[in-house]
Amino acid sequence: MQTMIEFRHVRKAYGEKVILKDFSLSVEKGEFVTIIGSSGCGKTTALKMVNGLLEPTAGDILINGENIRDKNQTLLRRNIGYAIQGSVLFPHMTVEQNIAYVPDLLNKRDKKKTKEAVSKWMQIVGLDEEMRERYPAELSGGQQQRVGIARALAASPEILLMDEPFGAVDEITRAQLQTELRRIYGKTGITVLFVTHDISEALKLGTKVLVMDQGEIQQYAPPEEILHHPAAAFVSRLAEKERRRCHLPDERLEECEYSGAGSGPRQNG
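Residues numbered from 1 in each chain as written. Predicted model: local features only at pLDDT ≥ 70, side-chain atom pairs only at ≥ 80, totals over all residues. Heavy atoms only, no water.

Visitor: Tell me about the sheet that holds strand E5 (residues 66-67), residues and numbers included.
Guide: The four strands are arranged E2-E1-E4-E5 in an open sheet whose pairing can be described as antiparallel. The strands lining the two open edges of the sheet, one partner per strand, are strand E2 (17-28) and E5. Pairing geometry for strand E1 (residues 3-14) and E2, over eight bridges, is antiparallel. Residue Ile5 lies in a different strand from E2, and its bridge partner there is Val27. Packed onto the sheet, helix H1 (residues 43-50) meets E1, E2 and strand E4 (58-63) and runs at close to 120 degrees relative to E1. (Pairing = 2+ DSSP bridges. Helix = DSSP H or I, 4+ residues; strand = E, 2+ residues; numbered from the N terminus. Contact = heavy atoms within 4.5 Å. Axes fitted to C-alpha atoms, helices over the stretch in contact; angles between N-to-C directions.)

Following this line, the structure appears as structure tokens:
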């Protein structure tokens, strides 16, 4: 399998405060990696290093085998989708203008291509065409989040970074957005890194789950392995929390419908 993202002995510190300790990880192309851990464990720090928003104190990060230190940082970020909690849309721009923002930068002279990209992604994320001219203040929280996802994907990036993107919406909308994201992932085969504080969400969405604590990797494995074969005490506590939520014995935990479990990376078709 092709390695899409690689962390090589990455360390991140602010003075004496160490956030990441000798962090090494390989993410294969087409994986949906959910990242979960205690508050301050370094999960968002690791995510922001992939698109150069934060620089490592030591170590290297490679995308498609190329060190991101050697790449133009602006171009790097334009080619990596990024969606965060609350969507953070441009309030003075319409839905169409928000989604078209990065494609406009990349295809300044091809307005038709940009319009086609906007229509494509609005349809994929479940937004009606009549919403094109609306402003963010005229949308519900779930609709705003869908626009944020469409904007992150509109330039057809190979990598999508998501930092607790559904944390600001209600439970019903959250479940709907999770289903939409799984469908989008199945259609695109994009490589996803998804930070969450919710173990159920991590197990439901991920083809692999990365469990972190105190700046270190506790386990990196498919959901069913996290549940049935936790590699550390911290992982065991997360697995036990999920068992209690499901009210099921170990041998029947799959009835909680973890879509990521055992599915492996999807390839672009």
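Past the structure itself, the notes keep going.
Visitor: Requested: an account of the nonpolar core, with residues and values cited.
Guide: Ranked by size, the top nonpolar core spans 32 residues in total, and within it Ile99, Met162, Val192 and Phe194 carry the most contacts. Ranked by residues supplied to this core, first place goes to helix H6 (residues 141-153) with five residues. In this view, Met162 contacts Leu47, Ala83, Ile149, Leu181, Val192, Leu193, Phe194 and Val195; residues no more than four positions away in its chain are not counted. Residues Met49, Ile68, Leu161 and Leu210 belong to the second largest nonpolar core, which totals 26 residues. (Core = buried A, V, L, I, M, F, W, Y, C linked by side-chain atoms within 4.5 Å. Buried < 20%, exposed > 50% of the residue type's maximum accessible area, 1.4 Å probe, protein only.)

Visitor: So, unusual backbone geometry: which residues are in play, and what are the values?
Guide: Here the phi dihedral of Asn64 falls at roughly 50 degrees; this positive angle occurs in a residue that is not glycine. Along the chain, Asn64 turns up in the loop between E4 and E5. According to the relative accessible area criterion, Asn64 is partly exposed, its value standing at 30%. With phi around 50 degrees, Gln214 is a residue other than glycine that occupies positive phi space.

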